[in-house]
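# Breakdown of the fold
The lines below spell out each chain.
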Amino acid sequence: MAEHTVSGVDIELEHVSKNYPGQRAAAVEDVSMHIPAGEIVIFVGPSGCGKTTTMKMINRLIEPSEGTITIGGQDNRSLDGDQLRRTIGYAIQQAGLFPHMTVAQNIAVVPGLLGWSKQRVAARVEEMLDLVGLDPGEFHDRYPRRLSGGQQQRVGVARALAADPPVLLMDEPFGAVDPITRGNLQDELMRLQAELRKTIVFVTHDFDEAVKLGDRIAVLGPKSTILQYDTPDAILANPATDTVAGFVGAGASLKQLTLMRVRDVQLTQEAITARCDETCAEIRRQLDERGRTYALVLDERDRPQRWVHIRDLPAARTLAEAGKPITDWVTTQSTLRDALEAILADGGSAVVTKEQGRYAGTIDIHTVMDTISDLRGGQEPRRRTGDPA
Ligand code: ADP
Ligand code: MG
């Protein structure tokens, strides 16, 4: 696959401070940092430390009291505030969708303000819905209240990206959804970013989320003081201060699993697979022949559907209804941490899917345990080759 070109631009904060009127102490004091083009930089820190204030000074929803912010080498005061904000995507918790507008109208807001033609806006809306994994036919004309929390966040991201801004600011965008949906949205964001290579500033108070998503993490203390600004691996391996160490918390090697993806380890390929339209008798024969008890049923597009035990087969009429449906799976993009959770929930191994939800293999507890012990030993995790059994 071709390297995707970076579409983001550098952001530079120089001695930026914010004093809110009527407050004695500064909310943000003398922050300087370089945010490289095309990276995801995470601001992580406790509630009230000034993350949102710092972020909002980038798109000037809040005006700095002191200091300079440049975006792509340009002072962010060289445009008027509204114009500036049309060049910077912004996604927040609860998605912040306009309730009286349809999904399509929400996504069309900034392109409309920029004066795009009707046809161009309409095409872009479809493209964005597709990009964030929502079926245009189904969601185009819906109102936000008729969407789940996760769907609203997807529309929020689609809206933020609609005008193809080089910079995307995301303020705890996945904070209000359940953990499973949050994991999916994180995976989607990483997939998008691999294609888009925007400069993304992402605020969270969840260190695990920071480790999973960040190319770099800025751990912030009071008044947005930068306690450490480095890659996730470097922060996990060497927390700069006791406060950072406290934030990193216990179980650092478990957290390191968040740095590794399912695609980085060798999947097991030994499951016996069957198509929905094969006969139960045929699968029984195969299981018998190979001395196995379980088969994985795939649909016509190779997507995993069910686990079928050999005991289920005599009573079943078709494979489409035999055994039990697969409820939890991971993708090749998922972190090993997510995989571990799925494995523990499923008892021993988890199904892995690749593009278009197609079956890629399974991942088992031994693979994850080997990886942990390699991480403990400080070695490069070994890639498991082949599988005996
Ligand atoms: P975070 O996003 O890290 O939770 P904020 O940037 O929202 O932190 O807030 C930083 C500090 O600034 C807090 O003490 C907060 O009470 C204060 N603050 C935030 N917004 C305002 C405002 N509009 N007026 C006065 N004080 C504010
Ligand atoms: Mg905040």
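Just so you know, these numbers come straight off a predicted model, no measurement behind them.

### A closer look at the sheet that holds strand β14 (residues 324–325)
With mixed pairing, four strands are arranged side by side in an open sheet as β11-β12-β13-β14. Looking at strand neighbours, the two that pair on one side only are β11 (272–275) and β14, the edges of this open sheet. By the bridge criterion, two bridges tie strand β13 (residues 304–309) to β14 in an arrangement that is antiparallel. By the bridge assignment, Trp-307 is partnered in β14 with Lys-324. Taken strand by strand, helix α12 (residues 280–290) contacts β11 and β12 (294–298), and its axis lies near 170° from that of β11.

### Looking at the site of ligand 1
In the vicinity of ligand 1, the residues found are Tyr-20, Gln-23, Ala-27, Pro-46, Ser-47, Gly-48, Cys-49, Gly-50, Lys-51, Thr-52 and Thr-53. Note that a nitrogen atom of ligand 1 is positioned 3.3 Å from one of the side-chain N or O atoms of Gln-23. At a separation of 3.0 Å, an oxygen atom of ligand 1 approaches a polar backbone atom of Gly-50. When ligand 1 is considered free in solution it has 560 Å² of accessible area, and contact with the protein chains removes 58% of it. Partitioning the shell around ligand 1 into residue classes produces four nonpolar, six polar and one charged.

### With respect to the nonpolar core
Formed by 46 residues in total, the largest nonpolar core has its most connected members in Ile-42, Ile-107, Met-170, Phe-202, Phe-207 and Ile-217. Apart from the residues lying within four places of it in its own chain, the contact partners of Ile-217 are Ile-42, Val-44, Phe-207, Ala-210, Val-211, Gln-228, Tyr-229, Asp-230, Pro-232 and Ile-235. Within the second largest apolar cluster, 24 residues are counted, among which are Ile-11, Cys-49, Val-167 and Leu-220.

### Regarding unusual backbone geometry
Backbone geometry at Arg-60 places phi at a positive 60°, although glycine is not the residue there. Its place among the elements puts Arg-60 in the loop between α1 (51–58) and β4 (66–71). Looking at Arg-60, the relative accessible area reads 13%, which means it is buried. One non-glycine residue, Lys-223, lies in positive phi territory at about 60°. By secondary structure assignment, the location of Lys-223 is in the loop between β9 (216–220) and β10 (226–230).

### Section: helix α13 (residues 336–346)
Among the residues making up α13, those that are buried are Leu-336, Ala-339, Leu-340, Ala-342 and Ile-343. Angular distribution of buried residues about the axis of α13 spans 165°; they occupy a single face of the element. Exposed residues pointing more than 90 degrees away from the buried face of α13 are listed as Glu-341, Leu-344 and Ala-345.

### As for the side chain of Lys-51
Within the secondary structure, Lys-51 is located in helix α1. For Lys-51, which is buried and forms no salt bridge, the nearest opposite charge comes from Glu-172, at a distance of 4.6 Å. A polar atom in the side chain of Lys-51 sits 3.0 Å from the backbone oxygen of Pro-46. Contacts of Lys-51, omitting those with residues within four sequence positions, involve Phe-43, Val-44, Gly-45, Pro-46, Glu-172, Val-203, Thr-204, Leu-220 and Ser-224.

### Focus on the sheet that holds strand β17 (residues 359–364)
On the basis of which strands lie adjacent, the open sheet formed by three strands has the order β15-β16-β17 and mixed pairing. In this open sheet, the two strands that pair with only one neighbour each are β15 (329–331) and β17. Taken over all neighbouring pairs, the strand axes of this sheet differ in orientation by 35° on average, direction set aside. For β15 and strand β16 (residues 349–353), the ladder comprises three bridges, and the chain directions are parallel. Directly across from Val-330, in β16, lies its bridge partner Val-352.

### Brief notes about the side chain of Arg-159
Positionally, Arg-159 belongs in helix α6 (residues 149–161). The side chain of Arg-159 sits in the buried core without any salt bridge; Asp-171 is the nearest counter-charge, 13 Å away. Within the structure, the side chain of Arg-159 is placed 2.9 Å from the backbone oxygen of Gly-96, a separation counted as a polar contact. Among the polar contacts listed, one links the side chain of Arg-159 to the side chain of Asn-106, at a separation of 3.3 Å.

### Section: the packing of helix α3 (residues 103–113) against helix α4 (residues 118–131)
It is at 9 Å that the axes of α3 and α4 come closest, and there the two elements cross at 120°. With respect to their mutual orientation, α3 and α4 come out oblique. Along this stretch, α3 crosses α4, giving a crossing that reads as right-handed. Only Val-121, Val-125, Met-128 and Leu-129 of α4 make contact with α3, whose side of the interface consists of Val-103, Ala-104, Ile-107, Ala-108, Pro-111 and Gly-112. In terms of residue class, the contact of α3 with α4 is built from nine nonpolar, one polar and no charged.

Basis of the calculations
Residues numbered from 1 in each chain as written. Chains lettered and ligands numbered in written order. Predicted model: local features only at pLDDT ≥ 70, side-chain atom pairs only at ≥ 80, totals over all residues. Heavy atoms only, no water. Pairing = 2+ DSSP bridges. Helix = DSSP H or I, 4+ residues; strand = E, 2+ residues; numbered from the N terminus. Contact = heavy atoms within 4.5 Å. Axes fitted to C-alpha atoms, helices over the stretch in contact; angles between N-to-C directions. Near = heavy atom within 4 Å. Polar contact = N/O pair within 3.5 Å; in protein donor to acceptor, adjacent residues only side chain to side chain. Areas by Shrake-Rupley, 256 points an atom, 1.4 Å probe, with all protein chains shown as cover. Nonpolar A, V, L, I, M, F, W, Y, C, P; charged D, E, K, R; others polar. Core = buried A, V, L, I, M, F, W, Y, C linked by side-chain atoms within 4.5 Å. Buried < 20%, exposed > 50% of the residue type's maximum accessible area, 1.4 Å probe, protein only. Arc of directions from axis to C-beta. Lys, Arg positive; Asp, Glu negative; His and termini not counted. Salt bridge = Lys/Arg side-chain N within 4 Å of Asp/Glu carboxyl O. Parallel < 35°, antiparallel > 145°, perpendicular 65-115°, else oblique. Left-handed = near helix turned anticlockwise from the far one by under 90°.

Interpretation in functional terms is not warranted from these geometric data alone.
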